[in-house]
Amino acid sequence: MSEKVFIDKQHRPVYQAMAATAASIRSAAEEAGLGRVVMELVNVRVSQLNGCAFCLDLHTRQSLEAGESEQRLAVLPAWRDTALFDETERAALGLAEAVTQLPGGEDREGIYAKYRAQLSPEQFSVLSWAAIAINAFNRVSIISGHPVRKR
């Protein structure tokens, strides 16, 4: 069996460019009035959809550090079925899921139009970029087989 290739370490400048993009997204989110909690909810939800254990561990911890509750994190996969999330968070989660799962054909425009109506153009854009970025980070971690270490 061959050794794992940690692609983030194999091509460090590429990974550093991704990290710089993530920092730009965080800055743009603040400017758009989106706090760290909503951005971490997006990171956790997308990582759940992609099954990325490393990113789930990282962003769940960062969510808690940002002030997120254990209860909301526990019900995040069923966010539509609870009143625990506000309108902006619901729009952010719905958009993140749509960007991750890429709805087909006729559904696509209606889904994106729904979230464009609920979010400012700046928020819609930065949340789309956030979902795109965490999808990329999920893939790097999954391909590399990044381990989740017990704390």
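Our structure is the block above this text.
Figured I'd write up the structure that's included with this text.

**Details of the state of the cysteines**
- According to the stated counting rule, one finds zero disulfides in the structure shown.
- Cys-52 forms no disulfide, and the closest cysteine sulfur to it belongs to Cys-55, at a distance of 3.5 Å.

**What about the side chain of His-146?**
- Note that His-146 resides in the segment after α8 (121-144).
- Here the side chain of His-146 touches Asp-8 through a polar contact of 3.0 Å, side chain to side chain.
- At a separation of 3.0 Å, a polar atom in the side chain of His-146 contacts the side chain of Ser-141.
- With near-sequence residues (within four places) excluded, His-146 lies in contact with Phe-6, Asp-8, Phe-54, Val-140 and Ser-141.

**Observations regarding unusual backbone geometry**
- Phi at Leu-102 is positive, roughly 45°, even though this residue is not glycine.
- With respect to the helices, strands and loops of the structure, Leu-102 is situated in the loop between α6 (87-101) and α7 (105-118).

**Description of the pattern of salt bridges**
- The full count for this structure, using the stated rule, is nine salt bridges.
- In this structure, Lys-9 engages Asp-8 in a salt bridge whose closest nitrogen and oxygen atoms are separated by 3.5 Å.
- When the shortest N-O distance is used, the salt bridge between Asp-57 and Arg-61 registers 3.5 Å. With a gap of four residues between them, Asp-57 and Arg-61 both fall in helix α4 (residues 53-65), about one helical turn apart.
- Note on Asp-57: relative accessible area 21%, which makes it partly exposed.
- Residue class for Arg-61 comes out partly exposed when judged on its relative accessible area of 28%.
- Through salt bridges that share partners, Arg-45, Arg-80 and Glu-97 make up one connected network.

**With respect to the packing of helix α2 (residues 12-31) against α8**
- α8 packs onto α2 with a crossing angle of 150° between their chain directions and a minimal axis gap of 10 Å. Between α2 and α8, the angle is such that the two are roughly antiparallel. As α2 packs across α8, the resulting crossing turns out to be left-handed. Taking contact as the criterion, the partners of Tyr-15, Met-18, Ala-19, Ala-22, Ile-25, Ala-28 and Ala-29 in α2 are, on α8, Val-126, Trp-129, Ala-130, Ala-133, Ala-136, Phe-137 and Val-140.
- Residue classes in the contact of α2 with α8 are distributed as 14 nonpolar, no polar and no charged.

**Remarks on the layout of surface pockets**
- Space inside the largest pocket adds up to approximately 630 Å³.
- Taken together, 30 residues form the lining of the largest pocket, with Ala-22, Arg-26, Asn-43, His-59 and Gln-62 sitting closest to its centre.
- Ranked by residue count, the leading element in the lining of the largest pocket is α2, at seven residues.
- Tallied by class, the residues present in the lining of the largest pocket amount to 17 nonpolar, six polar and seven charged.

**Re the packing of aromatic side chains**
- Counting across every chain of the model gives one aromatic pair.
- Aromatic pair Tyr-15 and Phe-137: ring centres 5.7 Å apart, planes at 85°, arrangement edge-to-face. Here Phe-137 lies in helix α8 and Tyr-15 lies in helix α2, a separation of 122 residues in the sequence.
- Positioned above the aromatic ring of Phe-124 is the side chain of Arg-116, whose terminal nitrogen or guanidinium carbon lies 5.9 Å from the ring centre.

The rules behind each value
- Residues numbered from 1 in each chain as written.
- Predicted model: local features only at pLDDT ≥ 70, side-chain atom pairs only at ≥ 80, totals over all residues.
- Heavy atoms only, no water.
- Disulfide = S-S within 2.5 Å.
- Helix = DSSP H or I, 4+ residues; strand = E, 2+ residues; numbered from the N terminus.
- Polar contact = N/O pair within 3.5 Å; in protein donor to acceptor, adjacent residues only side chain to side chain.
- Contact = heavy atoms within 4.5 Å.
- Salt bridge = Lys/Arg side-chain N within 4 Å of Asp/Glu carboxyl O.
- Buried < 20%, exposed > 50% of the residue type's maximum accessible area, 1.4 Å probe, protein only.
- Axes fitted to C-alpha atoms, helices over the stretch in contact; angles between N-to-C directions.
- Parallel < 35°, antiparallel > 145°, perpendicular 65-115°, else oblique.
- Left-handed = near helix turned anticlockwise from the far one by under 90°.
- Nonpolar A, V, L, I, M, F, W, Y, C, P; charged D, E, K, R; others polar.
- 1 Å grid on protein atoms, 1.4 Å probe; cavity = no way out; pocket = protein on both sides within 12 Å on 5 of 7 lines; lining within 4 Å.
- Points joined across faces, edges and corners; volume = space filled by probe spheres on them.
- Phe/Tyr/Trp six-rings, centres within 6.5 Å; stacked < 30°, edge-to-face > 60°.
- Lys NZ or Arg CZ within 6 Å of the ring centre and 35° of its normal.

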